[in-house]
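Chain by chain, the residues run as shown.
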Amino acid sequence: PVYELFAIRYAMREARRSDHFIGGDPHDGPMPMDYFLWVAKGDGRAVVIDAGFTAKVAAQRKRTFLRCPIDALALVGVDAADVKDVILTHLHYDHVGNFHRFPVAQFHLQEPEIHYAVGRYMRYQKLAHSFEVDDVIGIVRLNYARRVHLYNGKVDLLPGITLHPAHGHSAGLQFVRVHTQRGWVVVASDVTHFYENMETERPFTTAFHIGEMLEGFDKLRAAAPTPQHIVPGHDPEVMRRYPAPRPELEGIVVRLDVAPNQ
């Protein structure tokens, strides 16, 4: 199947270059961060990748909340009430926070991630701060309700959609490969937050295992036909490189199933 693939920008925060690279950056300056969720449409289905965070969490964490990401699904013709599959790349607050808005969906997650989120490392604020306890509990409850599928390794989830573990930023992080009209597009999520993390092999500052983060860059490259087929998880550059589906969605939604302009 050939999927349409969209990125929806729902929040942002002002930040500096030194916030995004382990060891800082010798040329420090402004480097904002965007927050996305992604949608693959095709073969009679819509698959949502990640679930964003809520306005309440945005206020608590001092993020600029631009729009509800779940309501924004309507901009690409998707109703959360009808979505049957949600891929969770990991359980950090900005990727899982609206799980409760998908009443019939099955959720797809790498099993090491749920163990990490409820395990011994959550005693340490340096690692625990990336999670919201209520989100984690919610996913545990959904697992008891038989709505969470836990994987250990690469998965051919659906025809044209594959899941690939790439731990490091989190203990059970995965990225998603989607077959589109321009070939396989790799939705990296937080395997690389920015193009520059991967291009310069300087990992992001939130890290569980730095060595695995570096290996994650290699896994992205191996899964993509070219570097131009890799889409980072938080880079505002994504909104500049890819076109909006319609003029009125400029700065809100872009199409990833067409070639970038650079």
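Residues numbered from 1 in each chain as written. Predicted model: local features only at pLDDT ≥ 70, side-chain atom pairs only at ≥ 80, totals over all residues. Heavy atoms only, no water.

1. Re a nonpolar patch on the surface
In plain terms, the rule: Patch membership requires over 30% relative accessible area and the absence of a salt bridge. Like charges are linked within 9 Å, and nonpolar side chains (Val, Leu, Ile, Met, Phe, Trp, Tyr) within 5 Å. Each accessible area value is a Shrake-Rupley result obtained with a 1.4 Å probe; residue values ignore everything except the protein chains displayed when judging cover. One speaks of a salt bridge when a side-chain nitrogen belonging to Lys or Arg is within 4 Å of a carboxyl oxygen belonging to Asp or Glu. Helix and strand assignments follow DSSP, with helices taken as H or I runs no shorter than four residues and strands as E runs no shorter than two, numbered in order from the N terminus.
Where nonpolar side chains cluster on the molecular surface, the patch consists of I22, I210 and L214 and spans about 220 Å² of accessible area. Take L214: it is sitting in helix α7 (residues 210-223).

2. Focus: the layout of surface pockets
The following threshold applies: Site definitions follow a grid-based scheme: protein atoms alone, a 1 Å grid, a 1.4 Å probe that fits but cannot get out for cavities, and for pockets an open set with protein on both sides within 12 Å along at least five of seven lines, plus lining residues having an atom within 4 Å of a point. Grid points are joined across faces, edges and corners, and a volume is the space filled by probe spheres set on the points. Think of it as three bins: nonpolar holds Ala, Val, Leu, Ile, Met, Phe, Trp, Tyr, Cys and Pro, charged holds Asp, Glu, Lys and Arg, and polar takes everything else, Gly as well.
Counted as a void, the largest pocket has a volume near 250 Å³. Forming the walls of the largest pocket are 18 residues, and the residues nearest its centre are R13, R63, Y93, F204 and T206. Elements with a contribution of two residues or more to the lining of the largest pocket: β2 (33-42) and α2 (93-96). Among the residues forming the lining of the largest pocket, the class breakdown is four nonpolar, eight polar and six charged.

3. Describing helix α3 (residues 111-118)
Where we set the bar: Residue burial is assigned from relative accessible area. The probe radius is 1.4 Å, only protein chains are included, and a residue is buried under 20% of its type maximum, exposed over 50%, and partly exposed in between. Arc definition: it is the arc formed by the directions from the helix axis to the C-beta atoms. Only heavy atoms enter the contact rule, under which two residues are in contact if any of them lie within 4.5 Å.
For α3, the complete set of buried residues consists of E113, I114, Y116 and A117. For α3, the angular spread of the buried residues around the axis is 160°, confining them to a single face. Looking at the packing, one finds that the buried side of α3 touches β6 (106-110), α4 (125-128), α5 (133-144) and β7 (148-151).

4. A word on the nonpolar core
What counts here: Among buried residues, those of type Ala, Val, Leu, Ile, Met, Phe, Trp, Tyr and Cys that are joined through side-chain atoms within 4.5 Å constitute a nonpolar core.
Judged by nonpolar contacts, the single largest core of 38 residues is most densely connected at L73, L91, F102, F107 and I139. Looking at this core, the elements that each hand over two or more residues are β1 (4-13), β2, β3 (45-49), β6, α3 and α5. In this structure, Y3, I87, V176 and Y195 belong to the second largest nonpolar core, which totals 26 residues.

5. Side note on the packing of aromatic side chains
Quick reminder of the rule: Between rings of Phe, Tyr and Trp, where Trp is taken as its six-membered ring, a pair exists when centres lie within 6.5 Å; planes separated by under 30 degrees are stacked, by over 60 edge-to-face, and by other angles tilted.
All told, the structure shown has eleven aromatic pairs when counted by the stated rule. Relative to F208, the ring of Y116 lies with its centre 4.8 Å away and its plane at 55°, an arrangement referred to as tilted. With Y116 in helix α3 and F208 in the loop between α6 (195-200) and α7, this pair connects stretches of sequence that are 92 residues apart. Taking relative accessible area as the criterion, Y116 reaches 5% and is therefore assigned buried. On the basis of an interplanar angle of 75° and a centroid distance of 5.0 Å, the ring pair of Y121 and F208 is categorised as edge-to-face. Of this pair, Y121 sits in the loop between α3 and α4 while F208 sits in the loop between α6 and α7, placing them 87 residues apart in sequence. Under the relative-accessibility criterion, Y121 is labelled partly exposed at 28%.

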